[in-house]
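The primary structure of each chain is shown beneath.
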There are 2 protein chains.
Amino acid sequence: MRIGQLAQLVGVETQTIRFYEQQGLLPPPDRQDNGYRVYTEKHGEGLAFIRRCRILGLSLAEIHELQSYQDDPHQSCTAVNALLDDHISHVRSQITALQALEKQLVSLRASCNDDREVEACGILAGISEGNMHQQ
Amino acid sequence: MRIGQLAQLVGVETQTIRFYEQQGLLPPPDRQDNGYRVYTEKHGEGLAFIRRCRILGLSLAEIHELQSYQDDPHQSCTAVNALLDDHISHVRSQITALQALEKQLVSLRASCNDDREVEACGILAGISEGNMHQQ
DNA sequence: TTAAAACTATAAAGCTACTATAAGGTCAAT
DNA sequence: ATTGACCTTATAGTAGCTTTATAGTTTTAA
């Protein structure tokens, strides 16, 4: 399978595949005589794994870590559990921060009900005067 | 006021101030004979405005847009309202996406209760097999 | 058969919003 | 005279790709 087919199969761009290879997330495939990369089904699985991890919000470094666990299948998987726990708490703190931000934005938005002149705009005034009860 | 004082006043690094100047968000200040930047109170206000916008999650491009409205104080402020509305809905969709992600991660986490061998780890199996009811 | 379209390759730059590093000039105090 | 704190510019690094440039190869259509 060539790079274009693999890309279509998994739903990524060809450049992304080359990028993962360069980053050491995808093993370098064999080459044809003309230099074209030749992929196996294993590469497809590896690439799909990476993409699912990315959809879950894991960083490339975290994915690399998971791969290192996969390569040593008889060790305990507590590290995998810990990685996921860390990631979950990271996601949760992001949610909390964004919810606080949303509240702040909504209250700022309420300070101006359309169609004033910019000079009297409650939003710009609100930002300029810094009445943003932070934290 | 020199750049270090301004930085301390507003709570940013000096490089950040130079960066904003280079990006056209902060007007180039006068220079002393030795080339040092000299800032006025106006610069302080401008910088504080930028920082408050950044805390609200606005991009530098959005801040630039807001500044252009400030420069023309007699036009209607509907564009300002619209910018904020867009930003609020952007934040809300981020929150929604992260909440869905959290759910997915928690269910994945539940598929492995510690201390198995990596080979049997429910988390890695879950990602590999792709039983991630997406969307 | 030939020419265009589609695919592949590498290398380098661009994106965001800074942060960090390097190499050097200026100024006040010791 | 030199130390230290400050200032200058220019360049590279961060994450995870995407875009662009340039060029070679294969496939398809005329």
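Scroll up for the structure.
Residues numbered from 1 in each chain as written. Chains lettered and ligands numbered in written order. Predicted model: local features only at pLDDT ≥ 70, side-chain atom pairs only at ≥ 80, totals over all residues. Heavy atoms only, no water.

A. Main features of the protein's contact with DNA strand D. Around DNA strand D, the structure places 18 residues, and the nearest of them are Gln15(A), Asn34(A), Arg54(A), Gly4(B) and Arg18(B). Within 4 Å of the protein, the contacting atoms of DNA strand D are 81% sugar and phosphate, with bases supplying the remainder. In the model, a phosphate oxygen of DNA strand D is placed 2.8 Å from a nitrogen or oxygen of the Thr16(A) side chain. In this structure, Leu60(A) approaches DNA strand D through a main-chain N or O atom, which is 3.4 Å from a phosphate oxygen. Those elements that provide at least two residues to the surface near DNA strand D are helix H2 (14-22) and helix H3 (41-55) of chain A together with helix H1 (3-10) of chain B. Looking at the surface near DNA strand D element by element, the count peaks at four residues for H2(A). Partitioning the surface near DNA strand D into residue classes produces six nonpolar, six polar and six charged. (Near = heavy atom within 4 Å. Polar contact = N/O pair within 3.5 Å; in protein donor to acceptor, adjacent residues only side chain to side chain. Helix = DSSP H or I, 4+ residues; strand = E, 2+ residues; numbered from the N terminus. Nonpolar A, V, L, I, M, F, W, Y, C, P; charged D, E, K, R; others polar.)

B. Examining the protein's contact with DNA strand C more closely. Neighbouring residues of DNA strand C: 18 residues in total, closest Gly4(A), Arg18(A), Arg37(A), Tyr36(B) and Arg54(B). Sugar and phosphate atoms represent 82% of those atoms of DNA strand C found within 4 Å of the protein. In the environment of DNA strand C, a phosphate oxygen lies 2.7 Å from a nitrogen or oxygen atom belonging to the backbone of Gly4(A). Here Asn34(B) contributes a side-chain N or O atom positioned 2.9 Å from a phosphate oxygen of DNA strand C. Residue assignment for the surface near DNA strand C shows that the elements contributing at least two residues are helix H1 (3-10) of chain A together with helix H2 (14-22) and helix H3 (41-55) of chain B. Element by element, the count of residues in the surface near DNA strand C is highest for H2(B), at four residues. For the surface near DNA strand C, the per-class residue count stands at six nonpolar, six polar and six charged.

C. Focus on the interface of chain A and chain B. The interface is formed by 50 residues belonging to chain A together with 50 residues belonging to chain B. When chain A packs against chain B, close to 4,700 Å² is buried across both sides, 71% of that on carbon and sulfur atoms. Our enumeration of links across chain A and chain B arrives at four salt bridges. Here Asp85(A) makes a salt bridge to Arg109(B), at a shortest N to O gap of 2.7 Å. Along the contact surface separating chain A from chain B lie 22 residue pairs in polar contact (both at pLDDT 80 or more). Elements with a contribution of two residues or more to the side of chain A that touches chain B: H3, helix H4 (60-70), helix H5 (78-110) and helix H6 (122-129) of chain A. It is H5(A) that contributes the most residues to the side of chain A that touches chain B, 20 residues altogether. A per-class count over the side of chain A that touches chain B returns 25 nonpolar, 13 polar and 12 charged. (Contact = heavy atoms within 4.5 Å. Buried area = accessible area lost by both parts, 1.4 Å probe. Salt bridge = Lys/Arg side-chain N within 4 Å of Asp/Glu carboxyl O.)

D. Highlighting the pattern of salt bridges. Residue and element names in this part refer to chain A. Here the structure, examined in full by the defined rule, presents six salt bridges over all chains. In this structure, Glu21 and Arg37 form a salt bridge, with 2.8 Å as the shortest nitrogen-oxygen distance. Here Glu21 is found in helix H2, whereas its partner Arg37 is found in strand S2 (residues 37-38), with 16 residues between them in sequence. Assigned by exposure class, Glu21 and Arg37 land together as buried. (Buried < 20%, exposed > 50% of the residue type's maximum accessible area, 1.4 Å probe, protein only.)

E. Here's a closer look at the side chain of Asn81(A). Summarising the element assignment, Asn81(A) is placed in helix H5. If we ignore the near neighbours within four places in the chain, the residues touching Asn81(A) are Arg109(B), Cys112(B), Asp114(B) and Ile123(B).

F. A look at the relation of the copies chain A and chain B. When chain A is brought onto chain B, the operation consists of a screw motion whose angular component is 180 degrees and whose axial shift is 0.1 Å, with 0.4 Å RMSD remaining. Considering both components of the superposition, the chain copies are consistent with a two-fold axis. Across chain A, the smallest distance between a C-alpha and the rotation axis is recorded for Ile95(A), namely 3.1 Å. The fraction of interface residues of chain A whose copies in chain B are also interface residues reaches 100%, indicating that both copies meet through the same surface. (Least-squares fit on C-alpha atoms with pLDDT ≥ 70 in both.)

G. Looking closely at the nonpolar core. Ranked by internal contacts, the top residues of the largest apolar core, which has 70 residues, are Ile17(A), Leu66(A), Ile17(B) and Leu66(B). Leaving out residues up to four positions away in the same chain, Leu66(A) has contacts with Phe49(A), Cys53(A), Leu58(A), Val80(A), Leu83(A), Leu124(B) and Ile127(B). (Core = buried A, V, L, I, M, F, W, Y, C linked by side-chain atoms within 4.5 Å.)

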